[in-house]
Amino acid sequence: LKRSQQLVEGGGGSTEEVKPEGGLQRCKEVVGASPVPCERYMDGLANPTTLDLRASFALPDPSQTSKWINGKIRNRNAPHAMPRFVTYVSAETVSTAPRTAAFQVPFFDRDGDPVVVYPAFSTQAASGTTNLACESGTAISTYGCNGFGSGLDGPPYDSTNFIFKVDGKVPSDSLQFYYSFTLRTSDGTNIITTELVLCYFKPEQPAGERERVPEFVTHVSPGVILRKRPPTTLECELTGPCYLDVYAVKFSNYSGLAVDPLANNVLSFMVEGPQLYGTITNQSLLTGNIHGARFVLGALPTGTHALRDIASHRIVCFTVTGWGNTRALPLCITVKIRGRSPYFLPPTPPMVFVDDDPLFDVLTPAPVCAGFTVTITIKAADPDAGENVRILTEDATGDGQDLFSAPYNALKQGNYSGTTAIAEEKVVYALDYASGVARDPVTRAISFAADRLICSTAIDNTLTARLAFGDVPDGNFRSRTKCHQVSFSGPPAFVTTANRLDATPFAALDGSIDERARVVDAFINQEKEVTFRAKDPNNDGETVILMLEDPGIPNGASVGPSICEPQNISESGVFSECSFASRVIKWTPQVDVDYTRIYRICAVVRDSTPIAACVSEKMTATGWFGEEHCVDIRVVAPAIRWTSASDLGGIGTASNITKAAFVPCVSSFILEAEDTSVGINGSAISVDSPYTVIIEPVGVVPSRVTLVTEFTGRISRTRLVYVTARGDEGREDVVCFTARNSMGVLALEPSCVTLAVKRCVYCIGEGDTLRSVMRHLALDFNWVRLWAANGNDDGDPDTTTVTNPDILMNKAGRHVINVGSVYTVEQGDTLHLIASRFQTTIRELLSVNPDLAYTGDGDAVTRLDEGHPLCIIPCSMLPELPAASSSRREL
């Protein structure tokens, strides 16, 4: 690249070829463009009339692909500094008020990067007699006066004010003298080099008067100003309006707001720049000697521009002169012509009404309903012909999650990538257990993630369509952002606990209503509570549990109200008044209950927040109805049986049995029954039924039988006591009894026991001896014969086999011993024949067989039945009977 400049006729310049440190070599004194890159120092040039000074710039880094389009370098990515090539500095202000003499260097960066301006090689002019400084008077560094992005207006448009200091003697014979400086403008990557020419002049003054230099000011309101330069940037829309109002004042002094009172303070505004770019349409004196002018940029009357002007930048500089030819330092304004931004079209929510403004952005609620698929349509177009539009939709929630990634996995569909003039994007999302719904695997409690914020921006293709950098960050113009508040909604559902019995009872957590129904146990005459508990995953509104009329509730049951359960929701951190609710059903089954059937109760849960977007048969004007759930109540029936501890033949036996009894001992038998029914309590633990068992006789109880109750309860025991005496041999008594529960719901079939007193067998109780027992019974005490009758095992488990005859003589434990043998009557037998056969007497036979009848005349007795058992004591002889003996013994 070459920097060229044309020297004016008569202009002087040094021919010395030097190369200042870090800069280009000094240009030779030639007319026309320099054949090589060089620096032209203009110290000593007087009254140049035309100057063509072109700024040089550094090429962008080819490795940064953002700097290239279609293989061409985008010079527009380099920063731009646009000082007027000749800037006038009044000798008066330099000497008396240097800050008033500050001159403006405007600059901008089309990429929006912060920019800094600083002298390229030195802050001194080539002559060394003048130099530049920051407006504050401090020296300029390679970071300019205040560093990157810290100018007067801030990026991307900015400006810096410098002051011009005179360090040496200024020629007194010249009204104006020129000095040149080289400035560098950097955005941190690219650098532009610009020539700055300062004209140091002496204003013409009428005799006896001092002419103040007019200043540009900031106009706040009519009659109110600030003594500082106005903002130096302006962005205009393609269709206008595009104009500038500039204001200037001549002050009486170099500080304060006092306006010069001279009547001839008439100011005239001029444009320093391309005159065809705009027109001064109004120039008039405003209130309080504040002068203003309106400059329309572009085509009159309002300042419109053509499509070719999109993304173009213009710098327009103004100056103002007063009487005496004093001239204010130029005010430079950077003007950017903006292309029109894309805009959203219906049916993009909420553009659903005729009078909606499609350019107005609002936050649109977008409810997503559990079990449904929602589609959000976003449509956009660009008003500038020849440009395409793309739609950029992103999750802007800011929590690190993304609606378009797992676990949500929302889809983007349609033509929205920027290949058409109208873009349309559809965001499709289905809310279910696989995408955004979390359910506690134990309690079934459903929770949704926090609302998602998805935001869409429509972006045109100014950069590629017009090879012009439209706007940051990518060189294209963008719409305002449109956001959708995606809120997850679902109906309430019943919840449970780990054992699936507390709260709402559940058999299976999922499935049909029958598969989910849990059977719970109830006992007769005992109150049973069944709790339904539900949660609304939306954590708003009121959750209500309603009982279903079909199948209703059991007779006698009571239903409590649906009760809210205020609590903090851990997953969302919010306090909920009624997202949890519970309802309790109480029932006490009576004794007449049909415990062969199952009693079903069913409920449904509903919230109080209807959502129009969730179209469902369960969505009503009062709220969203959730699932139905049922609980089956089983009344546990009594189950009674005889226990193994009972002397009735075994567990569960209900039959007639015979038990042997022995004279003269007391016989005792255990009758024990239990209720074996069990149920499941509210903590899912198996528990015994609360039923009480009663053991009671059936029919007449024989006189020798006594029933003694030992304890009652779920297990009850009664002891049967049977008392026998001499003369009961061969006697039989029958006792019948049953076991039932205390409520009379169930009773066992009666069981009967035949108590048979054995013949020829007698009992020796604890602490008795054979001698004492035999005397009490008035039996023959022949121990040799007794030992012979009991010395061998007779196969009877009740009798005692005597191996030591002393046991018959001494006190010992209970023993049952034989005193004779049992004979079975044969056909034709009589007592006389039997007594004769066994060498005993009829008297002896009747003594040990008291159940026999006789006529009283000797041994003429009732004929014996064949097969009748008789006790016979062979070879026995009875002693003399006492006078008080019974008639049998007398016989």
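Residue positions are counted from 1 within each chain, in the order its sequence is given. The model is predicted, so local features are restricted to residues of pLDDT at least 70 and side-chain atom pairs to those at 80 or more, both for listing and for counting; the totals for chains, interfaces and linings are taken over all residues. Side-chain measures here rest on the full set of heavy atoms in the structure, leaving out hydrogens and waters.

Student: Is there a simple way to think about the overall build of the protein in this case?
Tutor: Per the convention used, a helix needs a DSSP run of H or I reaching at least four residues, while a strand needs a run of E reaching at least two, with both numbered from the N terminus. Counting secondary structure elements, the protein contains eight helices and 57 strands. Looking at the protein as a whole, 46% of its 891 residues are labelled buried. The contact criterion used throughout is that any non-hydrogen atoms of two residues lie within 4.5 Å. Residue pairs at least 24 apart in sequence account for 70% of intrachain contacts in the protein once pairs closer than 6 positions are excluded. Residue burial considers only the protein chains on display, and all accessible areas are found by Shrake-Rupley using a 1.4 Å probe. Surface summary for the protein: the accessible area is close to 41,200 Å², and the carbon and sulfur share equals 52%. Buried means the residue's accessible area, taken with a 1.4 Å probe over protein chains only, is under 20% of the maximum for its type, while exposed means over 50%, and partly exposed covers the values in between.

Student: How do you make sense of the sheet that holds strand E21 (residues 343-345) when you look at a structure like this?
Tutor: Across a sheet, strands are paired by hydrogen bonds formed along the backbone, either parallel or antiparallel in direction. Strands qualify as paired when DSSP identifies two bridges or more between them. Across the sheet, four strands lie side by side as E21-E23-E27-E25; this open sheet has antiparallel pairing. Single-partner strands in this sheet number two, and they are E21 and strand E25 (411-413). Each strand axis lies, on average, 30° off the axis of its neighbour in the sheet, ignoring direction. Think of each axis as a best-fit line through the C-alpha atoms, taken over the contacting stretch in the case of a helix, with angles from 0 to 180 degrees between the N-to-C directions.

Student: How should the nonpolar core be read in this particular structure?
Tutor: Grouped burial of nonpolar side chains is what soluble globular proteins tend to show. Among the nonpolar cores identified, the biggest contains 28 residues, and Trp 642, Leu 720, Phe 737, Ala 739 and Leu 755 are the most heavily contacted of them. Looking at this core, the element that brings in the most residues is strand E52 (residues 751-764), giving five residues. In this structure, Phe 506, Ala 557, Val 605 and Val 745 belong to the second largest nonpolar core, which totals 26 residues. Among buried residues, those of type Ala, Val, Leu, Ile, Met, Phe, Trp, Tyr and Cys that are joined through side-chain atoms within 4.5 Å constitute a nonpolar core.

Student: Explain the confidence of the model for the protein here, please?
Tutor: Any residue range with low pLDDT should be treated as having predicted coordinates unsuitable for detailed reading. For every residue, the predictor states its confidence as a pLDDT score lying anywhere from 0 to 100. Averaged over all residues, the pLDDT of the protein equals 76, while 71% of them reach at least 70. Low pLDDT, under 50, characterises residues 1-76; the predicted model gives this stretch 145 contacts beyond four residues in sequence or across chains. Note on residues 884-891: pLDDT under 50 across the span, and 14 contacts to partners over four residues away in sequence or across chains.

Student: I keep staring at the pattern of salt bridges and nothing clicks. Help me out?
Tutor: Two side chains that carry opposite charge are able to pair once their charged atoms sit near each other. In the sections that follow, a salt bridge refers to a side-chain nitrogen of Lys or Arg positioned within 4 Å of a carboxyl oxygen of Asp or Glu. Using the criterion set out here, one finds 27 salt bridges in the structure. Across the salt bridge formed by Arg 533 and Glu 565, the nearest N and O atoms sit 2.8 Å from each other. In this pair, Arg 533 is assigned in strand E34 (residues 528-535) and Glu 565 in the loop between strand E37 (563-564) and strand E38 (567-569), connecting sequence segments 32 residues apart. In this structure Glu 565 comes out as buried when scored by relative accessible area, which is 19%. Taking the shortest distance from any N to any O, the salt bridge between Arg 731 and Asp 733 comes out at 3.0 Å. The partly exposed category is assigned to Arg 731, whose relative accessible area is 28%. Bridged by salt links that share partners, the residues Glu 672, Glu 710, Arg 717 and Arg 719 form one connected network.

Student: Before we go on, may I ask you to explain the sheet that holds strand E33 (residues 518-523) in this structure?
Tutor: Spatially, the four strands line up as an open sheet ordered E33-E42-E41-E35, and their pairing is mixed. Looking along the sheet, the strands with just one partner apiece sit at the ends: E33 and strand E35 (544-547). Neighbour to neighbour, the strand axes of the sheet diverge by 30° on average, direction disregarded. Relative to strand E41 (residues 598-606), E35 runs antiparallel, the two being bridged by four bridges. Bridge pairing in E41 places Val 544 opposite Arg 606.

Student: Please explain the side chain of Asp 607 as it appears in this structure.
Tutor: Tracing the sequence through the fold places Asp 607 in the loop between E41 and strand E42 (625-636). The side chain of Asp 607 sits in the buried core without any salt bridge; Arg 606 is the nearest counter-charge, 5.8 Å away. In this structure the side chain of Asp 607 is engaged in a polar contact, spanning 3.3 Å, whose partner is the backbone nitrogen of Thr 609. Of the polar contacts made by the side chain of Asp 607, one reaches the backbone nitrogen of Trp 624; its length is 2.6 Å. Those residues in contact with Asp 607, other than ones at most four positions away along the chain, are Gly 490, Pro 492, Asp 536, Asn 538, Glu 542, Thr 543, Thr 622, Gly 623 and Trp 624. Counting rule for charge: Lys and Arg are taken as positive, Asp and Glu as negative, and neither His nor the chain ends is counted. In protein, a polar contact means a hydrogen-donor-capable atom and an acceptor-capable atom, both N or O and within 3.5 Å, with residues adjacent in sequence counting only if both atoms are side-chain atoms; elsewhere, any N or O pair within 3.5 Å suffices.

Student: So what exactly am I meant to see when it comes to the state of the cysteines here?
Tutor: Defined simply, a disulfide is a covalent bond joining two cysteines at their sulfur atoms. By disulfide we mean two sulfur atoms from cysteines, separated by a distance within 2.5 Å. Scanning the model with the defined rule gives nine disulfides in all. Disulfide pairing places Cys 736 opposite Cys 752 at an S-S distance of 1.9 Å. Across the S-S bond linking Cys 736 and Cys 752, the dihedral sits near 100°, which makes this disulfide right-handed. Separated by 16 residues along the polypeptide, Cys 736 in strand E51 (residues 732-741) and Cys 752 in strand E52 bring together distant segments of the chain. Just as Cys 736 is buried, Cys 752 falls in that class too.

Student: Even after reading the chapter, I still don't get the pairing of E51, so can you show me in this structure?
Tutor: The two faces of the sheet receive side chains in turn, since in a regular strand these alternate between them. Among the ten residues of E51, seven are classified as buried, and the element is accordingly described as predominantly covered. Of the pairings in the sheet, the one linking strand E48 (residues 693-698) to E51 comprises six bridges and is antiparallel in character. Residue pairing across strands places Glu 696 opposite Thr 738, the latter belonging to E51. Bridge count between E51 and E52: six bridges; the pairing is antiparallel.

Student: So what exactly am I meant to see when it comes to the side chain of Ser 487 here?
Tutor: For Ser 487, the location among the structural elements is in strand E31 (residues 482-489). With relative accessibility at 18%, the residue Ser 487 sits in the buried group. Residues contacting Ser 487, with those up to four places away along its chain left out, are Ala 366, Pro 367, Val 368 and Asp 451.

Student: What should I look at first to understand the environment of Phe 148 in this one?
Tutor: Mapped onto the secondary structure, Phe 148 falls in the loop between strand E8 (130-134) and strand E9 (157-166). Of the residues examined, Phe 148 reaches a relative accessible area of 35% and is grouped as partly exposed. Between the alpha carbons of Phe 148 and Val 115 there is a distance of 5.2 Å; along the sequence they are 33 residues apart. For Phe 148, the contacting residues outside a window of four places in its chain are Pro 114, Val 115, Val 116, Tyr 143, Ser 186, Asp 187 and Gly 188.

Student: What is the right way to look at the packing of aromatic side chains in this model?
Tutor: Centre distance and the angle of the planes are the two values used to describe a pair of aromatic rings. Stacked, tilted and edge-to-face pairs are distinguished by plane angle, under 30 degrees for stacked and over 60 for edge-to-face with tilted covering the rest, among Phe, Tyr and Trp rings (Trp via its six-membered ring) whose centres lie within 6.5 Å. Overall, the coordinates contain eight aromatic pairs when judged by the stated rule. Aromatic pair Phe 448 and Phe 488: ring centres 6.4 Å apart, planes at 50°, arrangement tilted. Of this pair, Phe 448 sits in strand E29 (residues 446-448) while Phe 488 is found in strand E31, placing the two residues 40 residues apart along the sequence. A network of ring pairs unites the aromatic residues Tyr 408, Tyr 429, Phe 448 and Phe 488 as a single cluster. Two thresholds decide whether a charge sits over a ring: the Lys NZ or Arg CZ must be within 6 Å of the ring centre and within 35 degrees of the ring normal. Sitting over the face of the ring of Tyr 243, Arg 294 holds its NZ or CZ atom 3.9 Å from the ring centroid. Sitting over the ring of Phe 404, Lys 412 keeps its end group 4.5 Å from the ring centre.

Student: Any chance you could explain a nonpolar patch on the surface here in plain terms?
Tutor: Together, Val 220, Val 224 and Leu 226 make up an exposed nonpolar region whose accessible area comes to about 230 Å². Inspection of the secondary structure assignment puts Leu 226 in strand E13 (residues 224-226). Patches in this entry comprise residues that are over 30% relatively accessible and not in a salt bridge; like charges within 9 Å are linked, as are nonpolar side chains (Val, Leu, Ile, Met, Phe, Trp, Tyr) within 5 Å.

Student: I tried to follow unusual backbone geometry on my own but got confused; where do I start?
Tutor: Most peptide bonds are trans, and most residues other than glycine sit at a negative phi. The step from Ala 406 to Pro 407 runs through a cis peptide bond, and the omega angle for that step is 5°. Pro 664 follows Val 663 through a cis peptide bond whose omega is 5°. Locating Pro 664 in the fold gives a position in the loop between strand E44 (657-663) and strand E45 (666-675). Phi angles above zero are rare outside glycine, and Asn 525 is one such case at about 65°. Overall, Asn 525 belongs to the partly exposed group, its relative accessible area being 44%. The phi angle at Gln 839 is positive, at roughly 55°, despite the residue not being glycine. Mapping Gln 839 onto the fold places it in the loop between helix H6 (831-837) and helix H7 (842-848).

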